[in-house]
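# A closer look at the structure
So the chains spell out like this:
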Amino acid sequence: MTIRHHLSEDLLLGHAAGNLPEAFALIVATHVSMCDECRARLMAYEVLGGAVLEQETAAMADDALARAMARIGGVAQAPRAVARAPKSVLPAPLLDYVGGDLEAVKWRTLGMGVRQAILPTSRRASARLLHIPAGQAVPDHGHRGRELTLVLQGAFRDATDRFGPGDVEIAGEELEHQPVAEPGVDCICLAVTDAPLRFTDLIPRLMQPFFRI
Ligand SMILES: [Zn+2]
């Protein structure tokens with residue numbers, strides 16, 4: 001899988017800081033599970049956050065280190081997870097949300113053969129699976145706030161580019177687009193949206209938990 005459209009810095013940073021609405025955390029975790037490059041970037045941010053927190057950590061109980069090491073040892077000795085289930089369309093973070101693969105999704109039709117299933121997340125933002133038949137266009141739409149669309153199967157095109165499996169399109173209020181699923185395979189996406197201004201001055205806000213400013 002060649003991924004050409006990746007997560008933005010502020011999303012990775014927000015995820016590392018634990019600051020994203022649940023729906024956005026879900027799409028970040030799902031992309032990261034498909035993308036080695038973003039996984040490495042996310043780990044770098046987590047190390048950064050950990051280093052900052054370490055400097056702030058108050059003195060711990062005398063046996064804290066020994067207890068932590070014991071727990072790490074325990075994890076290392078635990079049997080490795082049994083081989084993954086047969087190839088699923090939904091990556092692991094989504095399998096957990098849906099409670100199964102595509103056959104467990106409760107689709108609602110949107111017309112023109114397009115179906116969606118809203119996933120249960122906190123109300124700060126919303127997440128949905130979209131099923132777009134091969135060759136079918138999604139109605140032209142603009143955005144109030146930010147919309148991220150991650151392709152899980154098939155591909156779509158809009159005026160900006162082509163998006164295939166693992167690619168994530170980040171659309172802002174300025175973008176008005178009409179995604180069209182490529183012929184061949186039905187396109188299945190995870191899409192998340194939030195309200196306008198949710199991400200204004202995001203980076204300073206995201207760094208707050210690290211720096212306590
Ligand atoms: Zn990526």
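Residues numbered from 1 in each chain as written. Predicted model: local features only at pLDDT ≥ 70, side-chain atom pairs only at ≥ 80, totals over all residues. Heavy atoms only, no water.

## Considering the overall build of the chain
Helix and strand counts for the chain stand at six helices and nine strands. Looking at the chain alone, contacts between residues at least 24 apart form 69% of all its contacts between residues at least 6 apart. Element-wise, carbon and sulfur atoms account for 57% of the exposed surface of the chain, whose accessible area totals about 12200 Å². (Helix = DSSP H or I, 4+ residues; strand = E, 2+ residues; numbered from the N terminus. Contact = heavy atoms within 4.5 Å. Areas by Shrake-Rupley, 256 points an atom, 1.4 Å probe, with all protein chains shown as cover.)

## So, the environment of serine 33
You can see serine 33 is positioned in helix H2 (residues 22-34). The sequence separation of serine 33 and proline 93 amounts to 60 residues, and the corresponding C-alpha distance is 7.8 Å. Setting aside anything within four residues of it in sequence, one finds serine 33 in contact with Arg39, Pro91 and Pro93. A polar atom in the side chain of serine 33 sits 2.7 Å from the backbone oxygen of threonine 30. (Polar contact = N/O pair within 3.5 Å; in protein donor to acceptor, adjacent residues only side chain to side chain.)

## Focus on the coordination of the zinc ion
Under ideal tetrahedral coordination, the four donors around a metal are separated by 109.5 degrees; under ideal octahedral coordination, the six donors are separated by 90 or 180 degrees. The coordination sphere of the zinc ion, as far as protein atoms go, consists of His6 (ND1), His31 (NE2), Cys35 (SG) and Cys38 (SG), spread over 2.1 to 2.3 Å. Classification of the site at the zinc ion rests on its four donor atoms, whose angles at the metal span 94 to 130°, yielding the label tetrahedral. Between consecutive donors of the zinc ion, the numbers of intervening residues give the motif H-x24-H-x3-C-x2-C. Exposure remark for cysteine 38: the relative accessible area of 0% places this residue in the buried category. (Donors = N, O, S within 2.8 Å, 3.2 Å for Na, K, Ca; no water. Tetrahedral: all angles 85-135°; square planar, octahedral: opposite > 155°, others 65-115°. Buried < 20%, exposed > 50% of the residue type's maximum accessible area, 1.4 Å probe, protein only.)

## Comments concerning the pattern of salt bridges
In total, this model carries six salt bridges according to the counting rule given. For arginine 4, the salt bridge identified is with aspartate 161, shortest N-O distance 3.3 Å. Taken together, the residues arginine 4 in the segment before helix H1 (9-16) and aspartate 161 in the loop between strand S5 (156-157) and strand S6 (162-163) connect sequence positions 157 residues apart. For arginine 146, the salt bridge identified is with aspartate 10, shortest N-O distance 3.2 Å. Residue arginine 146 is located in the loop between strand S3 (125-132) and strand S4 (147-153), and its partner aspartate 10 is located in helix H1; the two are separated by 136 residues in the primary sequence. (Salt bridge = Lys/Arg side-chain N within 4 Å of Asp/Glu carboxyl O.)

## Section: the side chain of aspartate 194
With respect to the helices and strands, the residue aspartate 194 is situated in strand S9 (residues 187-194). A distance of 2.9 Å separates a polar side-chain atom of aspartate 194 from the backbone nitrogen of arginine 146.

## A look at the sheet that holds strand S2 (residues 114-119)
Spatially, six strands are ordered S1-S2-S3-S9-S4-S7 in an open sheet, and the strand pairing comes out antiparallel. Sheet topology places strand S1 (108-111) and strand S7 (168-171) at the edges, where each strand pairs with a single neighbour. Each strand of the sheet is rotated relative to its neighbour by a mean of 25°, with strand direction disregarded. Pairing of S1 with S2, which is carried by three bridges, proceeds in the antiparallel orientation. (Pairing = 2+ DSSP bridges. Axes fitted to C-alpha atoms, helices over the stretch in contact; angles between N-to-C directions.)

## Re H1
An α-helical turn contains 3.6 residues, so a residue and the one three or four places further along point in the same direction. Counting buried residues in H1 gives six out of eight residues, a clear majority hidden from the surface. Among all positions in H1, only Asp10, Leu11, Leu12, Leu13, Gly14 and Ala16 are buried. Glycine 18 lies just past H1 and shows a positive phi near 70°.

## Considerations on the nonpolar core
Residues Leu129, Leu152 and Leu190 are the most contacted members of the largest nonpolar core, which totals 35 residues. Only H1, H2, helix H3 (36-56), helix H5 (92-98), S2, S3, S4 and S9 provide two or more residues apiece to this core. A total of seven residues in this core trace back to one element, the largest contributor, which is H2. In contact with leucine 190, other than residues within four places in its own chain, are Leu26, Ile27, Thr30, Leu94, Leu119, Ala127, Arg128, Leu129, Leu148, Thr149, Leu150 and Leu152. Ranked by size, the runner-up nonpolar core spans 11 residues in total, among them Val114, Leu130, Val138 and Cys187. (Core = buried A, V, L, I, M, F, W, Y, C linked by side-chain atoms within 4.5 Å.)

So far we have only geometry, and geometry alone does not tell us how the molecule works.
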